[in-house]
Amino acid sequence: MAVFSKLAKVLIRDTNWLYCPNPSDHPLYYYTYTNTCPRCVLKGEFYFHAAHKPESGTIGAATRRLLILLMQELLRRKGHKVEVRAASEPVDAIFVDYSTTPTMVLFAEVKSAPLLTPSLATRLQQIPIGSDLPHVNLEDHVSLYQSEIYISVPTWHDDLKEWSGTYFSIGTRESLNDTYWAFTGIRKLLISDPKFFQLYIDYWIKSFASYSTRNKSDPVFWFTNGCGQPPSGKKLKYWKQRANTGIESVSDGKSSVGMDRTDDIKKSVYQALKLGVEGKRTNDYNYRVGIISNIHAVRHFDDYFDAIQDVVWTHSDDTKGW
Ligand SMILES: [Zn+2]
């Protein structure tokens, strides 16, 4: 569980919270993982606020572990006699299928960058100085510990044809050393409030649809990782210029999800090829190599995988007699 503890330590800090006064009768502090006010963007307004996204290495270790646990559980529930083990370089996961003769072993590269990183919110304990400004970046949020923290789930209202946030409490972080608070809070939430899971899944499915088609006119698109720069023609507030040219993105392309980033596709295909040729053949096991991901290459399949999906890789020695 060390990977989760490591992530939890950097998941939330008491600095750099965003004060959003819209609407003015319900102001909130936000802790964002993409570079824009998560409430206003649902109304099509882009207020820049630097994100807190933890480093990809920290997120990757936790999401890789979660994906492996999820696949293990899915296979178990479907009655497959497959054991899934987390591994370390040069492979991320090993699947062992005991139902085949000889036993089949899959060595897998795992790509597990999340599609979504929903923002957190807390109620105001005091109106910050300068609250007459539209949005304020707070250097310190001194009352973080013991404050009730909410996860903000964008929710589509079909009757009103608009998005708004639904807020679910995940409890309080008692101190700096309280590293499991978010996990225990979300676990409690899943058990006690079925609405949370249902709304989250609705949000995920709609996000995936807008991500797949790059639907920039859908507000929820701007919550997907790797969504890029705000669309031209939109009014941008306090938006940050890049050092060289152009403007900052809402979420950088390097944060692209699952295995849907061209650099990751190239690296993981090479890794699979290398594992395939280096493995020693044996009659005791039937070996396979592969790439496992939470999101397939939905944007890049046609350009990168379509042409090679039927390719057979083998040593030249194996082709004798063909
Ligand atoms: Zn706002």
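Right above here is the structure, for reference.
Residues numbered from 1 in each chain as written. Predicted model: local features only at pLDDT ≥ 70, side-chain atom pairs only at ≥ 80, totals over all residues.

Enquirer: Mind showing me how you'd approach the sheet that holds strand β5 (residues 93-97) here?
Expert: On the basis of which strands lie adjacent, the open sheet formed by four strands has the order β4-β5-β6-β12 and mixed pairing. What marks the edges here is a single partner per strand, and that holds for β4 (82-86) and β12 (285-293). Each adjacent strand pair in this sheet contributes to an overall mean axis angle of 20 degrees, direction not counted. (Pairing = 2+ DSSP bridges. Helix = DSSP H or I, 4+ residues; strand = E, 2+ residues; numbered from the N terminus. Axes fitted to C-alpha atoms, helices over the stretch in contact; angles between N-to-C directions.)

Enquirer: Explain unusual backbone geometry to me, please; I cannot follow it from the model alone.
Expert: As a rule of thumb, non-glycine residues mostly have phi less than zero, and peptide bonds are mostly trans rather than cis. Cis peptide bonds are those with omega within 30 degrees of zero, and the linkage from Asn22 to Pro23 qualifies with 5 degrees. Position of Pro23 among the secondary structure elements: in the loop between β1 (15-20) and β2 (28-31). Of note, the bond from Thr101 into Pro102 is cis; its omega dihedral lies within 30 degrees of zero at -10 degrees. As for its position among the elements, Pro102 is in the loop between β5 and β6 (103-111). Here Lys161, not a glycine, exhibits a phi torsion of approximately 55 degrees, which is positive. Relative to the assigned elements, Lys161 resides in the loop between β9 (148-157) and β10 (162-172). Notably, Arg214 is not glycine yet its phi reads approximately 50 degrees, a positive angle. Topologically, Arg214 is positioned in the loop between α4 (194-212) and β11 (236-237).

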